[in-house]
Amino acid sequence: DALFTEWCYSVKKYRQNTVYATYGVLKPLLNAAKEDGYPVDDNYKHLKGKCTDVDAIYLTEDEIDRIYRLNIPELIKAGEVDPKSMMEQTRDLFIIACWTGLRRSDINRLDKASFNIEDKTITVTAEKTKRQVVIPMHPIVFKLYKKYNGRFPHLGDKGKTNKHLRECARHAG
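Section: the sheet that holds strand β1 (residues 114-116)
Reading across from one edge, β1-β2-β3 is the order of the three strands in this open sheet, with antiparallel pairing throughout. In this open sheet, the two strands that pair with only one neighbour each are β1 and β3 (132-136). Going from strand to strand, the sheet's axes swing by 20 degrees on average, the running direction of each strand aside. The sheet contact formed by β1 and strand β2 (residues 121-125) spans three bridges and is antiparallel. Bridge pairing links Phe115 to Ile122 in β2.

Overview of the nonpolar core
One finds Ile107 and Leu110 to be the most contacted residues of the largest nonpolar core, which totals 30 residues. Listing elements by their share of this core, those giving two or more residues are α3 (61-68), α4 (72-77), α5 (87-100), β2, α7 (139-147) and α8 (158-172). In terms of residue count, α5 provides more of this core than any other element does, five residues in total. Leaving out residues up to four positions away in the same chain, Leu110 has contacts with Leu93, Ile96, Leu102, Phe115 and Phe152. Counting residues in each nonpolar core, the second largest holds seven residues, with Tyr20, Tyr23, Val40 and Leu47 among its members.

Topic: the packing of aromatic side chains
As enumerated under the stated definition, the model contains seven aromatic pairs in all. Ring centres of Tyr145 and Phe152 lie 6.3 Å apart, and the angle between their planes is 50 degrees; on these two criteria the pair is classed as tilted. The buried category is assigned to Phe152, whose relative accessible area is 9%. Pairwise contacts between aromatic rings join Phe4, Trp7, Tyr20 and Tyr23 into one cluster. The ring of Phe142 is capped by Lys120, whose NZ or CZ atom sits 4.3 Å from the centre of that ring.

A word on the packing of α5 against α7
Put simply, α5 and α7 touch, their axes get as near as 9 Å, and they point 145 degrees apart. As α5 runs across α7, the sense of the crossing is left-handed. Facing α5, whose interface residues are Glu88, Arg91, Asp92, Ile95, Ile96, Trp99 and Thr100, α7 presents Ile140, Val141, Leu144 and Lys147. Residues that form the contact of α5 with α7 fall into these classes: six nonpolar, one polar and four charged.

So, a nonpolar patch on the surface
On the surface, a cluster of nonpolar side chains totalling about 280 Å² of accessible area is made up of Trp7, Val11 and Tyr14. Structurally, Tyr14 can be placed in the loop between α1 (2-10) and α2 (16-35).

Describing the pattern of salt bridges
For the structure shown, the criterion picks out eleven salt bridges. The partner of Arg109 in a salt bridge is Glu127, and the shortest N-O contact between them spans 3.1 Å. Highlighted residues: Arg109 in the loop between α6 (104-107) and β1 and Glu127 in the loop between β2 and β3, separated in sequence by 18 residues. Residues joined in a network through salt bridges with shared partners are Glu88, Arg91, Asp92 and Lys147.

Notes on the environment of Thr100
If you trace the backbone, Thr100 turns up in helix α5. Classification of Thr100 as buried rests on a relative accessible area of 13%. It is 23 Å that separates the C-alpha atoms of Thr100 and Ile72, two residues lying 28 residues apart in sequence. Once residues within four sequence positions are removed from consideration, Thr100 is found in contact with Ile107, Ile122, Ile135 and Val141. Only 2.7 Å separates the side chain of Thr100 from the backbone oxygen of Ile96, close enough to count as a polar contact. There is a polar contact of 3.2 Å between the side chain of Thr100 and the backbone nitrogen of Leu102.

Calculation rules
Residues numbered from 1 in each chain as written. Predicted model: local features only at pLDDT ≥ 70, side-chain atom pairs only at ≥ 80, totals over all residues. Heavy atoms only, no water. Pairing = 2+ DSSP bridges. Helix = DSSP H or I, 4+ residues; strand = E, 2+ residues; numbered from the N terminus. Axes fitted to C-alpha atoms, helices over the stretch in contact; angles between N-to-C directions. Core = buried A, V, L, I, M, F, W, Y, C linked by side-chain atoms within 4.5 Å. Buried < 20%, exposed > 50% of the residue type's maximum accessible area, 1.4 Å probe, protein only. Contact = heavy atoms within 4.5 Å. Phe/Tyr/Trp six-rings, centres within 6.5 Å; stacked < 30°, edge-to-face > 60°. Lys NZ or Arg CZ within 6 Å of the ring centre and 35° of its normal. Left-handed = near helix turned anticlockwise from the far one by under 90°. Nonpolar A, V, L, I, M, F, W, Y, C, P; charged D, E, K, R; others polar. Patch = residues over 30% accessible without salt bridge, like charges linked within 9 Å, V, L, I, M, F, W, Y side chains within 5 Å. Areas by Shrake-Rupley, 256 points an atom, 1.4 Å probe, with all protein chains shown as cover. Salt bridge = Lys/Arg side-chain N within 4 Å of Asp/Glu carboxyl O. Polar contact = N/O pair within 3.5 Å; in protein donor to acceptor, adjacent residues only side chain to side chain.

Structural data, given as structure tokens:
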């Protein structure tokens, strides 16, 4: 357990809550393995499975706008962003999430949403609740709808997405 914990922090650079959440998943699996007769050392039982409180952060409308206005092609040209990066698409989908309140799972299902351009609404069935919601279309969301001709890219894995968003926030100040 000490080697795994050290690996999580030093190699993977995980934060404490990620490590604790991992323990929360591992402990029931190890308990089940032990019950099934597999040789499992009891050291895992002292691992914390509860997370610590974190500061809730939010963005102001001005900060969201600064991230939206970030000139990523210019940053690529200046060598500050990898030309193969999907950072611009990630940023655009994040902006849509900010102005719609959609979860990550629903952002990746925008192709199943109905965009009513005349009424300026988006109708989507939420993945988690299975309920249909109608969301007013913010003007920036409408611009992004036109930018992608209604065919949105998908967010990459959470790690890459978070890395791109941190980079966008840093560049946007």
